[in-house]
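Structural overview for review
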Amino acid sequence: MSRICDLTGKKALKGNNVSHSNVKTKRKFYPNLQTKRFYIPEEDTWITLKVSTSAIKTINKNGISAVIDKFVKRGRI
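Here's a quick rundown of the structure. (Residues numbered from 1 in each chain as written. Predicted model: local features only at pLDDT ≥ 70, side-chain atom pairs only at ≥ 80, totals over all residues. Heavy atoms only, no water.)

Turning our attention to the packing of aromatic side chains. Tallying each qualifying case throughout the model produces one aromatic pair. Seen in terms of ring centroids, Tyr39 and Trp46 are 5.2 Å apart; in terms of plane orientation they differ by 55°. Their pairing is tilted. Given a relative accessible area of 35%, Tyr39 falls into the partly exposed group. Across the ring face of Phe71, the terminal group of Lys70 is positioned such that the distance to the ring centre comes to 5.5 Å. (Phe/Tyr/Trp six-rings, centres within 6.5 Å; stacked < 30°, edge-to-face > 60°. Buried < 20%, exposed > 50% of the residue type's maximum accessible area, 1.4 Å probe, protein only. Lys NZ or Arg CZ within 6 Å of the ring centre and 35° of its normal.)

Here is the structure:
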(Lines give C-alpha, C1' and ligand atoms only; values in the text may rest on other atoms or scores of the structure.)
Protein backbone atom coordinates (compact mmCIF):
# COMPACT_ATOMS: atom_id res chain seq x y z
CA MET A 1 0.00 0.00 0.00
CA SER A 2 1.56 3.26 -1.07
CA ARG A 3 1.78 6.25 1.23
CA ILE A 4 0.34 8.80 -1.21
CA CYS A 5 -2.60 11.15 -0.60
CA ASP A 6 -5.53 10.29 -2.90
CA LEU A 7 -6.43 13.95 -3.45
CA THR A 8 -3.30 16.07 -3.24
CA GLY A 9 -0.73 13.48 -4.33
CA LYS A 10 1.54 14.18 -1.37
CA LYS A 11 4.15 11.47 -0.85
CA ALA A 12 7.31 10.78 1.14
CA LEU A 13 10.27 13.16 0.86
CA LYS A 14 13.91 12.07 1.17
CA GLY A 15 16.35 13.57 3.59
CA ASN A 16 19.06 12.85 6.13
CA ASN A 17 19.24 11.89 9.77
CA VAL A 18 22.03 14.03 11.19
CA SER A 19 23.73 12.73 14.31
CA HIS A 20 25.55 14.72 16.96
CA SER A 21 28.84 13.89 15.20
CA ASN A 22 27.30 15.20 11.93
CA VAL A 23 27.15 11.75 10.30
CA LYS A 24 24.35 11.72 7.74
CA THR A 25 22.21 8.66 6.98
CA LYS A 26 19.26 8.52 4.61
CA ARG A 27 15.69 8.70 5.91
CA LYS A 28 12.19 9.50 4.68
CA PHE A 29 9.72 12.13 5.79
CA TYR A 30 6.23 10.64 5.47
CA PRO A 31 3.06 12.74 5.04
CA ASN A 32 0.42 12.66 7.76
CA LEU A 33 -2.10 10.38 6.04
CA GLN A 34 -5.43 9.30 7.48
CA THR A 35 -7.97 6.81 6.11
CA LYS A 36 -11.32 8.57 6.25
CA ARG A 37 -14.84 7.97 4.98
CA PHE A 38 -16.70 10.85 3.35
CA TYR A 39 -20.40 11.08 2.55
CA ILE A 40 -21.35 12.46 -0.87
CA PRO A 41 -24.96 13.67 -0.59
CA GLU A 42 -25.41 14.19 -4.36
CA GLU A 43 -24.73 10.50 -5.03
CA ASP A 44 -26.03 9.28 -1.62
CA THR A 45 -22.85 7.20 -1.16
CA TRP A 46 -19.88 6.90 1.16
CA ILE A 47 -16.33 6.84 -0.19
CA THR A 48 -13.15 5.90 1.65
CA LEU A 49 -10.06 7.95 0.87
CA LYS A 50 -6.51 8.00 2.18
CA VAL A 51 -5.97 11.74 2.55
CA SER A 52 -3.48 14.06 4.21
CA THR A 53 -4.61 16.14 7.16
CA SER A 54 -4.28 19.30 5.08
CA ALA A 55 -6.70 17.79 2.54
CA ILE A 56 -9.14 17.00 5.38
CA LYS A 57 -9.01 20.65 6.45
CA THR A 58 -9.71 21.72 2.86
CA ILE A 59 -12.65 19.31 2.67
CA ASN A 60 -14.07 20.66 5.94
CA LYS A 61 -13.79 24.20 4.62
CA ASN A 62 -15.10 23.77 1.05
CA GLY A 63 -17.06 20.49 1.09
CA ILE A 64 -16.20 17.10 -0.41
CA SER A 65 -17.93 17.65 -3.76
CA ALA A 66 -16.18 20.95 -4.44
CA VAL A 67 -12.78 19.53 -3.48
CA ILE A 68 -13.19 16.43 -5.65
CA ASP A 69 -14.29 18.59 -8.61
CA LYS A 70 -11.27 20.87 -8.11
CA PHE A 71 -8.77 17.99 -8.05
CA VAL A 72 -10.42 16.24 -11.02
CA LYS A 73 -10.12 19.48 -12.99
CA ARG A 74 -6.41 19.67 -12.10
CA GLY A 75 -5.95 16.05 -13.18
CA ARG A 76 -5.06 14.68 -9.76
CA ILE A 77 -7.68 11.91 -9.71
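Looking now at the side chain of Lys50. Considering the arrangement of structural elements, one finds Lys50 in strand 4 (residues 45-52). It is Asp6 that comes nearest to the buried, bridge-free Lys50 among opposite-charge side chains, at 6.7 Å. At 2.9 Å, the side chain of Lys50 and the backbone oxygen of Ser2 are in polar contact. (Helix = DSSP H or I, 4+ residues; strand = E, 2+ residues; numbered from the N terminus. Lys, Arg positive; Asp, Glu negative; His and termini not counted. Salt bridge = Lys/Arg side-chain N within 4 Å of Asp/Glu carboxyl O. Polar contact = N/O pair within 3.5 Å; in protein donor to acceptor, adjacent residues only side chain to side chain.)

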